[in-house]
Amino acid sequence: MQLGVIGLGRMGRIVVDRSLEAGHDVVAFDLSAEATAAAAEAGADPADSVADLCDRLAADGEDQRDDGKRIWLMVPAGEAVDATLDDLEPHLDADDVVVDGGNSHFEASLRRAEATDAAYLDCGTSGGPASAEAGFSLMVGGPEWAYESMTPVFDAVATGPDGHDRMGESGAGHYVKMVHNGVEYALMQAYGEGFELLHEGRFDLDMESVARTWNNGAVIRSWLLELCEEAFREEGSDLGDVADHVAGGSTGTWTVQEALEQEVPVPLIYGALAERFDSRNEGRFSRRLANRLRYGFGRHEVQRRE
C-alpha cells in the first residue's frame, strides 16, 4: 500500500524504513530538508510540504484513490500535532486515515478525532529507536475500519501481527500507552533500588555480572534488565559519570492524574514519578541507573556529572 509519513526524526525514520522494507510505497516529509533528503536516499518519495505530500498520495496512489489517503504523523506531541493537522485539513476527507504515533495525551486524541474530517487513529508506540530492527509495539485507538485498512503497514512497523492491536475507540490507544509508561517508571525504579542496595551493600559486586545472570532464567528477566547489563558494561559498576538526573515525566504525571480521577491506587507508579522529580536535586544511584536506561531504550541524552 501507499503511506505518507510526516515527521522523520528517529522514530519517523523507523516507520519509513520498515514500511519500505516490507514493500510499501512511502511519501515522506519533514520540516528539515536534510531529513527528507535522507529518507529519499532510503527509497522514499520526498515531498517538500504537507500539501505536496497529499498531492503525491492522490496522484500516485492509483490503487487507493477510492480508499483514501493513509498518513502517519510522527511529530512531537502537543502543538506540533495540531499544527500538522491544520496543514492537512484542506486535503482530508472521510475516506482518509491519519495515524498519530506520538505520545499525545488521550484527551487531546479524543478532541482531534472529533475535529478531524479523516478517520483518526491514536497509536501508542513503544520500543524506541532501539527497536528499529525488531519493530515496535503499537497500541491503537479509533474506528475499526480505519485500523483494519492500516493493518499491512502496522504489520510492517510493529514486530509483526502480534505486535499491534486495536485497543478500542478513539483515545484508547494513547490511554493504554500512558499507563504503559507509568508501569515503565515503576519497573525502572524497582531495578534502580535493587541495584543501589547491591552497590552500597556488603559485597564488592560486578553489576554487569549480576544483571546478566538475572537475565538468564531469573523471574525478573526483561529487556530493561538487558539494558541494565548494557549500562554497567559501558559505564562500569559505579556508572561512572552518569548523573542523578532523570528527565521526562509527562506521561507518568498523566498516569497518576488519571489514577486520582478514577480513584485507583498506584503507589509504585506515584513513588517512581516522585523520585524522578526529586532527581532534579542531588542524589541517588537508582536514579543514575534510570537516567542511563532512558538512553538504552529511547536513545535519550545521558546527563553527566561534571
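Everything discussed here concerns the structure shown above.
Residues numbered from 1 in each chain as written. Predicted model: local features only at pLDDT ≥ 70, side-chain atom pairs only at ≥ 80, totals over all residues. Heavy atoms only, no water.

**Remarks on the overall build of the protein chain**
- Scanning the protein chain from N- to C-terminus turns up 13 helices and eight strands.
- Compactness check: the protein chain gives a C-alpha radius of gyration of 21 Å against a globular reference of 19 Å for 306 residues, within 12% of the reference.
- C-alpha atoms of the protein chain, sized along the principal axes, occupy 70 × 45 × 40 Å.
- Across the protein chain, contacts joining residues at least 24 apart in sequence account for 66% of those joining residues at least 6 apart.
- Separation between the mean location of the 25 positive side-chain charges and that of the 58 negative ones in the protein chain comes to 8 Å. (Helix = DSSP H or I, 4+ residues; strand = E, 2+ residues; numbered from the N terminus. Rg over C-alpha atoms; globule rule 2.2 N^0.38 Å. Contact = heavy atoms within 4.5 Å. Lys, Arg positive; Asp, Glu negative; His and termini not counted. Charge placed at Lys NZ, Arg CZ, Asp CG, Glu CD.)

**With respect to the packing of helix α8 (residues 172–200) against helix α12 (residues 267–278)**
- Where α8 meets α12, the axes come as close as 8 Å, and the angle between the chain directions of the two elements is 70°. Judged on the interaxial angle alone, α12 and α8 are roughly perpendicular. In contact with Gly182, Val183, Tyr185, Ala186, Met188 and Gln189 of α8, α12 contributes Leu268, Ile269, Ala272, Leu273, Glu275 and Arg276.
- A per-class count over the contact of α8 with α12 returns eight nonpolar, two polar and two charged. (Axes fitted to C-alpha atoms, helices over the stretch in contact; angles between N-to-C directions. Parallel < 35°, antiparallel > 145°, perpendicular 65-115°, else oblique. Nonpolar A, V, L, I, M, F, W, Y, C, P; charged D, E, K, R; others polar.)

**Notes on the sheet that holds strand β8 (residues 164–168)**
- Read from one edge of the open sheet, eight strands run β3-β2-β1-β4-β5-β6-β7-β8, paired in mixed fashion. At either margin of the open sheet sits one strand with a lone partner, and together these are β3 (45–46) and β8.
- Alignment of strand β4 (residues 70–73) against strand β5 (residues 97–100), held across four bridges, turns out to be parallel. Opposite Arg70, over in β5, you have Val97 as the bridge partner.
- The sheet contacts of helix α4 (residues 79–88) involve β1 (2–6), β4, β5 and β6 (119–126), and relative to β4 the element is tilted by about 155°.
- Each of β5, β6, β7 (137–141) and β8 is contacted by α8, which is oriented at about 15° to β6, the strand it contacts most. (Pairing = 2+ DSSP bridges.)

**Description of the packing of α8 against helix α10 (residues 223–235)**
- Remark: α8 packs on α10, axes separated minimally by 11 Å, with the N-to-C direction vectors making an angle of 45°. The pairing of α8 with α10 is recorded here as oblique in orientation. In this structure, α8 crosses over α10, and the sense of that crossing is right-handed. For the pair α8 and α10, contact is made by Leu187, Met188, Tyr191 and Phe195 and by Leu224, Leu225, Cys228 and Phe232, respectively. (Left-handed = near helix turned anticlockwise from the far one by under 90°.)

**Looking at the nonpolar core**
- Core analysis: the biggest nonpolar cluster contains 28 residues, and Trp72, Leu138, Met150 and Phe154 have the highest contact counts within it.
- Contact partners of Met150, with chain neighbours within four places excluded, come to Met1, Leu3, Arg70, Trp72, Val97, Val99 and Leu121.
- Val210, Leu239, Phe285 and Ala290 belong to the second-largest nonpolar core, a separate cluster that totals 21 residues. (Core = buried A, V, L, I, M, F, W, Y, C linked by side-chain atoms within 4.5 Å. Buried < 20%, exposed > 50% of the residue type's maximum accessible area, 1.4 Å probe, protein only.)

**Topic: the pairing of β4**
- Residues Arg70 and Trp72 point to one face of β4 and Ile71 and Leu73 to the other, with burial holding for every one of them.
- Where β1 and β4 come together, three bridges link them in parallel fashion. Among the inter-strand pairings, Ile6 is bridged to a residue of β4, identified as Leu73.
- Chirality of the crossover, the property in question, places the unit of β4, α4 and β5 among those that are right-handed. (Right-handed = clockwise from strand over helix to strand, strands pointing away.)

**Let's talk about the side chain of Asp96**
- For Asp96, the position within the fold is in the loop between α4 and β5.
- Here Asp93 takes part through its backbone nitrogen, which lies 2.8 Å from a polar atom of the side chain of Asp96.
- Residues contacting Asp96, with those up to four places away along its chain left out, are Gly68, Lys69, Arg70, His91, Ala118, Ala119 and Trp145. (Polar contact = N/O pair within 3.5 Å; in protein donor to acceptor, adjacent residues only side chain to side chain.)

**Some points on α12**
- Its 12 residues place the ends of α12 16 Å apart at the C-alpha level, agreeing with the 16 Å of an ideal helix rising 1.5 Å per residue.
- Where α12 is concerned, the buried positions are Ile269, Ala272, Leu273, Glu275 and Arg276. Taken around the axis of α12, the buried residues stretch over an arc of 160°, which confines them to a single face.
- Tucked into the core, α12 has its buried residues touching α8, α11 (250–262) and α13 (285–298). (Expected span 1.5 Å × (residues − 1). Arc of directions from axis to C-beta.)

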